Amino acid sequence: MTTQTGARPDARPSAAKAPSGGRRKPTDASPLTPYIFMAPYLLLFLLFIVIPAVYGFWISLHNWDYLLPGKPFVGLENYLDLFRAESTISGPFWESMEATGKFTLYSVPLLVVIPLLVALMLNEKFPGRSFFRAVYFAPYVLGVAVIGVLWRYLLDPNVGLVNYYLGLLGIGNIPWITALPWAWISLVGVTVWWTLGFNAVIYLAGLQDIDPELYNAAKVDGANRWQRFLYITLPGLRPVLLFVITVTILASANMFGQAYIITQGAPGNETRTAIMYIAEEGLRQFNMGAAAAMSYVLALALLLISIANFAVFRYKED
Amino acid sequence: MGERGSGLHRLTRQQFLALGASAGAGLALAGCGGGPQSNPAVQDVGGGGGKTYDGPKVDLAFWNGFTGGDGPYMRQLVEEFTSQHKNINVTMNTVEWIDYYQKVPSAVRAGKGPDVGIMHADQLGTNAARGVVVPLDDVANALGFDESQFAPVVWQAGIYNGKRYGIPLDIHPLGFYYNKGLMEQAGLDPNSPPQTKDDYMAALDELKANGVKGHWVSPFAFTGTLSFESLLWQFGGDIYNEDVTKATFNSDAGVEALSWMVDLVKEGYSPKDVAQDAEFIAFQNQDNAFMWNGIWHINTFKEVKDLNWGATQLPQIGSEKAAWAGSHNFVIMQKRPLDTNKVQASKVFINWISQQSIEWAKAGQVPARKNVRESQAFQSLQWQPKFAEEIPYVHFIPPEPGIADVQPETFDLAVNQAVLLKQDPKPALDEAAARADKLLQANREKYQA
């Protein structure tokens, strides 16, 4: 589709023949028009995304501490260091990538499925529906600091409320935030509780976009509830599902606050995520070159996952 | 994309870090007593040097990280100073410590840094090497400060590469808090807390017999690593070698120190899986009898109703007495060009606060100045003098550049893994030491480049 007909000389006469209903014809527009409309966004995009990204790449090619006079150029050393067992950063970095990978793997399926179930439920007509919609969305309104501190105290193995009540039921102390696999169960559980409302709202909007006629027609054809879900709801939600999965993967892969506050990366470094390590390395220890290189590796990994994700959904569409 | 979810977008990094500090280590700084009492004006005696300032009126920006109960004490001192010095106006700005050490360098770099600040002794080398703070030898000379007026250990801690970068304000050591109520219940004399290893273990046995886990061992830096460091020194070891090129915390002394902590857990004197601050909460909830924690908590506990507690020096578990300590130091920030009037006014300010450090002591600190420590006013404080008795044997982290980055990546992890019973002390420490050697090497390369 050509948005700038004016750029095509042959388009001019035909466009001129078109009846003018008082609207400005596209041909009258300067070819720059769309760009001018996009300019404010492009400016911000350039300023806050493109330039920092390029600058970040430049930083990643140096041993960079912005306050030290010497910022020696090291080429790809920072990247190669990530693959050298004897370097100071490769071990912790891949440990943190593994932690991020685990968290993503554990949390994404739950964050895709549970909100869908919640949305299906909230899409039904029943008294108090608006109230429950608000209830499920409510935790999402809280900041990570709030939910982090809240759950850190609730889940404390020795002085926390959760273990206190489990104790009354005769269940011994569970090391919710200090041992595996409990720390992952806690982090995933807290994240699901906290953010499921967002995905549920997206699903709900998607569900309301599906033509009710389809369900009526299916009922007439004798489709049961499950069949209606499988053949109408799911296909109808496909674009929404793609969005939810992509965004959830990215969000989970960027997990920082929950682990930072609730487990502090413990036990050992088991729950220290990639973002936590990158922040520590770059912003607290001022090894910005290495941290920038790690960010690029993480970004590349996420890019590949997102591409794969889109490819799978496109394949299904065919 | 990604505009949801793990929620990073709704909280800035600063807020996270600030929160981390208040949630974790920063709790250490919480607590507050009443406001400081006003004190008689101290005139600036003696002309010249650094003790008076007669130039045009200047504004001094003074930054620090006193976000806890100590903040109001410092603010009060600053207000008093300003009211007594008509030509020096000091504006105090407080930022969480963990944030402070990121913000100050960038502010200084941008030419918007403060004139005077506070830094911990172990941050001085890093900030000197990064050109954030300026040498203060001439300031110390002008003010007539020398080692004889301070505790030698804290005076030495301000020197990096043969130059002085900090004027010590206080010393904040790790001490021994005991819950008198729990001691009484266990038939122990609440007025004679155990001070030797044998007495300490005997007391823990009594407590255990009464169903109390007497000494909760934290696997986190606050207070697990602080305890480990103290014990390491008590057993005759040290964290690093003399010139800070190699880690030595995995020595026999280190293994003994960490094993002692781990055994407390294994033998049921401490619960397993103590989370951040749980030992501190349990102490106030009458569940934990003995706790090694910083002097900064004395005002915290004063405010807890029905908590019958005491504090004294750490018991001697190893072959000698030792305790971890930190120190707040005055620093003057780099500015190009340095405004001589401001530097002069800063000297006056530092000198004045230093002389008033008895007021600062009330915030839960031991003053670095000897004459203040020996004063009747200080000795009559309830708990601070007990901690001050540790001064002859407190240890500091050496002020090498980048040194504060080594600990969280190395022996913090070893303590964590060992106390959580995931790894034995020796392999945990060995692994951490090997990594520490690499980081020390990397620091040397980085700061010499």
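Every value quoted in this text rests on a predicted model; they were computed, and no experiment measured them.

A word on the overall build of chain B
So, step 1. Helix and strand counts for chain B come out as 20 helices and 13 strands.
So, step 2. Summarising the internal contacts of chain B: among those between residues at least 6 apart in sequence, 79% fall at separations of at least 24.
So, step 3. For chain B, the exposed surface amounts to about 16200 Å²; the carbon and sulfur share of it is 48%.

Observations concerning the packing of aromatic side chains
So, step 1. Applying the stated criterion to the full structure yields 51 aromatic pairs over all chains.
So, step 2. Taking the centre distance of 5.5 Å and the plane angle of 75° together, the rings of A:Trp151 and A:Trp193 count as edge-to-face. Placement of the pair is A:Trp151 in helix H6 (residues 144-154) and A:Trp193 in helix H8 (residues 182-208), with a sequence separation of 42 residues.
So, step 3. Residue class for A:Trp193 comes out partly exposed when judged on its relative accessible area of 31%.
So, step 4. With a centroid separation of 6.4 Å and 75° between ring planes, the pair formed by B:Tyr177 and B:Phe283 is classed as edge-to-face. Pair noted here: B:Tyr177 is in strand S7 (residues 170-179) and B:Phe283 is in helix H11 (residues 278-284), with a separation of 106 residues, a long-range link.
So, step 5. What makes B:Tyr177 buried here is its relative accessible area of 0%.

Topic: the interface of chain B and chain A
So, step 1. Between chain B and chain A, the residue contacts involve 53 residues of the former and 60 residues of the latter.
So, step 2. Between chain B and chain A, the buried area comes to about 4600 Å², and carbon and sulfur atoms account for 60% of it.
So, step 3. Linking chain B with chain A are four salt bridges, by the criterion used here.
So, step 4. A salt bridge links B:Glu409 to A:Arg272; its shortest N-O distance comes to 2.7 Å.
So, step 5. Where chain B touches chain A, the interface holds 15 residue pairs in polar contact (both at pLDDT 80 or more).
So, step 6. For the side of chain B that touches chain A, the residue count by class is 26 nonpolar, 12 polar and 15 charged.

Looking at the packing of helix H2 (residues 71-84) of chain B against helix H13 (residues 340-355) of chain B
All names here are of chain B.
So, step 1. Look at H2 against H13: their axes get within 11 Å of each other, and the N-to-C directions meet at 125°. Here H13 runs oblique to H2, going by the angle between their axes. Both H2 and H13 take part in a crossing whose hand is right-handed. In this structure, H2 uses Met74, Leu77, Val78, Glu80, Phe81 and Gln84 to contact H13, whose residues at the interface are Val348, Phe349, Trp352 and Ile353.
So, step 2. Each residue belonging to the contact of H2 with H13 can be placed in one class, and the counts come to eight nonpolar, one polar and one charged.

Describing the pairing of strand S2 (residues 88-94) of chain B
The two faces of a sheet get side chains in turn, since along a regular strand they alternate between them.
Residues and elements named next belong to chain B.
So, step 1. With seven bridges joining them, strand S1 (residues 58-64) and S2 adopt parallel strand pairing. Bridge assignment links aspartate 59 to a residue of S2, and that residue is asparagine 89.
So, step 2. Where the polypeptide runs from S1 across H2 and back to S2, its parallel neighbour, the crossover connection is right-handed.

Section: empty space enclosed by the protein
Residues and elements named next belong to chain B.
So, step 1. A full pass over the atoms with the stated rule returns six cavities of 30 Å³ or more.
So, step 2. One number sums up the size of the second largest cavity: a volume of about 90 Å³.
So, step 3. Around the second largest cavity, the lining is made up of 15 residues, and of these His215, Trp216, Val217, Ser227 and Trp292 lie nearest the centre.
So, step 4. Elements with a minimum of two residues in the lining of the second largest cavity: helix H9 (221-234), helix H10 (252-266) and strand S8 (290-294).
So, step 5. The dominant element in the lining of the second largest cavity, judged by the number of residues it contributes, is H9, at four residues.
So, step 6. Among the residues forming the lining of the second largest cavity, the class breakdown is nine nonpolar, five polar and one charged.

What about the environment of A:Val162?
So, step 1. Position of A:Val162 among the secondary structure elements: in helix H7 (residues 161-168).
So, step 2. Distance in space between the C-alpha atoms of A:Val162 and A:Asn173 is 9.4 Å, their sequence separation being 11 residues.

What to know about the pairing of S8(B)
Residues and elements named next belong to chain B.
So, step 1. Of all five residues in S8, five are buried, a share of seventy percent or more.
So, step 2. Sheet analysis places S7 next to S8, joined by five bridges and oriented antiparallel. When the sheet's bridge partners are listed, glycine 175 is paired in S8 with asparagine 293.

Some details on the sheet that holds strand S3 (residues 116-120) of chain B
To summarise the sheet geometry, strands pair through backbone hydrogen bonds and adopt either a parallel or an antiparallel arrangement.
All names here are of chain B.
So, step 1. An order of S2-S1-S3-S11-S6 is seen for the five strands of this open sheet, with the pairing classed as mixed. In this open sheet, the two edge strands, each paired with only one partner strand, are S2 and strand S6 (167-168).
So, step 2. Most of the contacts of H2 go to S2, to which it runs at about 165°, and overall it touches S1 and S2.
So, step 3. The strands touched by helix H3 (residues 97-109) within the sheet are S1, S3 and strand S11 (328-332), with S3 carrying the most contacts at an inclination of about 135°.

Procedures and definitions
- Residues numbered from 1 in each chain as written.
- Chains lettered and ligands numbered in written order.
- Predicted model: local features only at pLDDT ≥ 70, side-chain atom pairs only at ≥ 80, totals over all residues.
- Heavy atoms only, no water.
- Helix = DSSP H or I, 4+ residues; strand = E, 2+ residues; numbered from the N terminus.
- Contact = heavy atoms within 4.5 Å.
- Areas by Shrake-Rupley, 256 points an atom, 1.4 Å probe, with all protein chains shown as cover.
- Phe/Tyr/Trp six-rings, centres within 6.5 Å; stacked < 30°, edge-to-face > 60°.
- Buried < 20%, exposed > 50% of the residue type's maximum accessible area, 1.4 Å probe, protein only.
- Buried area = accessible area lost by both parts, 1.4 Å probe.
- Salt bridge = Lys/Arg side-chain N within 4 Å of Asp/Glu carboxyl O.
- Polar contact = N/O pair within 3.5 Å; in protein donor to acceptor, adjacent residues only side chain to side chain.
- Nonpolar A, V, L, I, M, F, W, Y, C, P; charged D, E, K, R; others polar.
- Axes fitted to C-alpha atoms, helices over the stretch in contact; angles between N-to-C directions.
- Parallel < 35°, antiparallel > 145°, perpendicular 65-115°, else oblique.
- Left-handed = near helix turned anticlockwise from the far one by under 90°.
- Pairing = 2+ DSSP bridges.
- Right-handed = clockwise from strand over helix to strand, strands pointing away.
- 1 Å grid on protein atoms, 1.4 Å probe; cavity = no way out; pocket = protein on both sides within 12 Å on 5 of 7 lines; lining within 4 Å.
- Points joined across faces, edges and corners; volume = space filled by probe spheres on them.

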